[in-house]
Amino acid sequence: GGGAQGDDEYVWLPWRCRLESMGESEIRDWWSRAGNPRILIAGSSQQRTLFFDIAKMLGSTQNQPRKYWTDLEATDVSPALFFHWMVPEYDMEGYLDYSLLLEAFGEWLQKHLSKADDILVIQTSVHDIHLGSLGEYPAHMATLSHFLARLPCRVFFRSGDALHIPPGGRHIVERGLRDPRMQAVNRAAARAMAAVGIPVIDSHSPSIARPDKTLDGYHYFDRHTEDLDAAGVEVCIGNSVARTLANLILNAVASL
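Notes on the structure follow. (Residues numbered from 1 in each chain as written. Predicted model: local features only at pLDDT ≥ 70, side-chain atom pairs only at ≥ 80, totals over all residues. Heavy atoms only, no water.)

## Considering the overall build of the protein chain
Then, number 1: When its secondary structure is counted, the protein chain shows eight helices and eight strands.
Then, number 2: Each of the 256 residues in the protein chain was classed as buried or not, and the buried ones make up 52%.
Then, number 3: Counting contacts in the protein chain only where the partners sit at least 6 residues apart, residues at least 24 apart contribute 70% of the total.
Then, number 4: Summed over its atoms, the accessible surface of the protein chain is roughly 12,300 Å², and 52% of this surface lies on carbon and sulfur atoms. (Helix = DSSP H or I, 4+ residues; strand = E, 2+ residues; numbered from the N terminus. Buried < 20%, exposed > 50% of the residue type's maximum accessible area, 1.4 Å probe, protein only. Contact = heavy atoms within 4.5 Å. Areas by Shrake-Rupley, 256 points an atom, 1.4 Å probe, with all protein chains shown as cover.)

Set out below in structure tokens:
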């Protein structure tokens, strides 16, 4: 389905899916009935866009830093919303070390988790595609899934979005960022999460048809150079695809 909405004639719904649009009032109503759980988002730049989009959907007016590698929070909304940038950690030989990554992640969770009904949405695939070997990924996901299974909250794993090659995007291919690779890590992650009962939200299938809306082949946001934050940094606002994915994720979370 799909149709015109606002200034984007390509606003769409995922295939074979009746997706309810969740605005501020719908989110607040559902979260009130659910006991106002916190929303915790963890990952890298795609998850940061998700944080910005949900914060905006909830009516947050807090100014947020746009710097990379930065944890964020929107505490002027209900439910409270938090984002953790999962900084890759390496062992002495230069390989990704999920034990170190999860140590920092665990400290952040201890600070922000408040009750069993809190919701964590996590995505990690970009670390392994960009900074590690494909062969290491299943072991990383096994480590991550067993860590997540022990958490005292509700956990959802978001698959990696589709990768598209933009004009002049040869450097993306050279650095291993190709969609067959993304599909492979998504399959490995889905198997690891299924083994411990963690639901997977598929954001790859609905995004594979939308190369027209990627900024660089991987990110679905728009840069607004005329809208700068206090430090003079460009503000990145999720476009229609990012907002649709945010609605998809919120619908998945609200359905359980």
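Further notes follow.
## Regarding the packing of aromatic side chains
Then, number 1: According to the stated counting rule, one finds five aromatic pairs in the structure shown.
Then, number 2: Taken together, a centroid distance of 6.3 Å and an interplanar angle of 45° make the contact between F51 and F83 tilted. Pair noted here: F51 is in helix α2 (residues 45-57) and F83 is in strand β3 (residues 81-85), with a separation of 32 residues, a long-range link.
Then, number 3: On the basis of an interplanar angle of 35° and a centroid distance of 5.8 Å, the ring pair of F105 and F147 is categorised as tilted. Taken together, the residues span a long stretch of sequence, with F105 in helix α3 (residues 98-112) and F147 in helix α5 (residues 137-149) at a distance of 42 residues. A single burial state applies to F105 and to F147, both of which are buried. (Phe/Tyr/Trp six-rings, centres within 6.5 Å; stacked < 30°, edge-to-face > 60°.)

## Observations regarding the environment of E73
Then, number 1: Structurally, E73 can be placed in strand β2 (residues 72-74).
Then, number 2: For E73 and H84, which are eleven residues apart along the polypeptide, the C-alpha to C-alpha distance reads 8.8 Å.

## A few points about helix α8 (residues 240-254)
Working note: α-helix, 3.6 residues per turn, so residues spaced by three or four point in the same direction.
Then, number 1: Relative to the 21 Å expected for 15 residues at 1.5 Å per residue, α8 spans 21 Å between its end C-alpha atoms, a close match to the ideal helical length.
Then, number 2: Burial analysis of α8 places 13 of its 15 residues in the buried class, which makes it a mostly covered element.
Then, number 3: Regarding α8, its N-cap is N239, as a side-chain oxygen of that residue lies 3.1 Å from the backbone nitrogen of V241 further along. (Expected span 1.5 Å × (residues − 1). Polar contact = N/O pair within 3.5 Å; in protein donor to acceptor, adjacent residues only side chain to side chain.)

## Some points on the pattern of salt bridges
Then, number 1: Enumeration over the complete set of coordinates arrives at two salt bridges.
Then, number 2: Residues R210 and D212 are paired through a salt bridge, measuring 2.8 Å at the closest nitrogen-oxygen approach.
Then, number 3: When its relative accessible area of 7% is taken as the criterion, R210 is described as buried.
Then, number 4: For D212, a relative accessible area of 45% puts it in the partly exposed group. (Salt bridge = Lys/Arg side-chain N within 4 Å of Asp/Glu carboxyl O.)

## Side note on the side chain of D53
Then, number 1: Looking at where D53 falls in the secondary structure, it is placed in helix α2.
Then, number 2: Of the side chains with opposite charge, R243 comes closest to the buried, unpaired D53, at an N-O distance of 6.1 Å.
Then, number 3: Discounting residues that sit within four places of it in the chain, D53 has contacts with G238, A242, R243 and A246. (Lys, Arg positive; Asp, Glu negative; His and termini not counted.)

## Things to note about the nonpolar core
Then, number 1: Membership of the largest hydrophobic core comes to 34 residues, with the highest contact counts inside it found for F105, L120, I122, M141, L144, L148 and F157.
Then, number 2: Only β1 (39-43), α3, β4 (119-122), α4 (125-131), α5, β5 (154-158) and α7 (179-195) provide two or more residues apiece to this core.
Then, number 3: Among residues more than four places away in sequence, those in contact with F157 are I122, Q123, T124, Y137, M141, L144, A189, M193, I198, P199, V200 and I201.
Then, number 4: In terms of nonpolar packing, the next biggest core, distinct from the first, is built from 28 residues, W30, F52, F156 and I201 among them. (Core = buried A, V, L, I, M, F, W, Y, C linked by side-chain atoms within 4.5 Å.)

## Quick look at α3
Then, number 1: For α3, with 15 residues, the first-to-last C-alpha span of 21 Å sits near the 21 Å given by 1.5 Å per residue.
Then, number 2: All of the buried residues in α3 are Y98, L101, L102, F105, G106, W108, L109 and H112. Each buried residue of α3 sits inside an arc of 165° when the element is viewed along its axis, so together they form one side. Along α3, the residues that are exposed and aim more than 90 degrees away from the buried face are S99, E107, Q110 and K111.
Then, number 3: Capping the start of α3 is the job of one residue whose side-chain oxygen sits 2.9 Å from the backbone nitrogen of S99: D97. (Arc of directions from axis to C-beta.)

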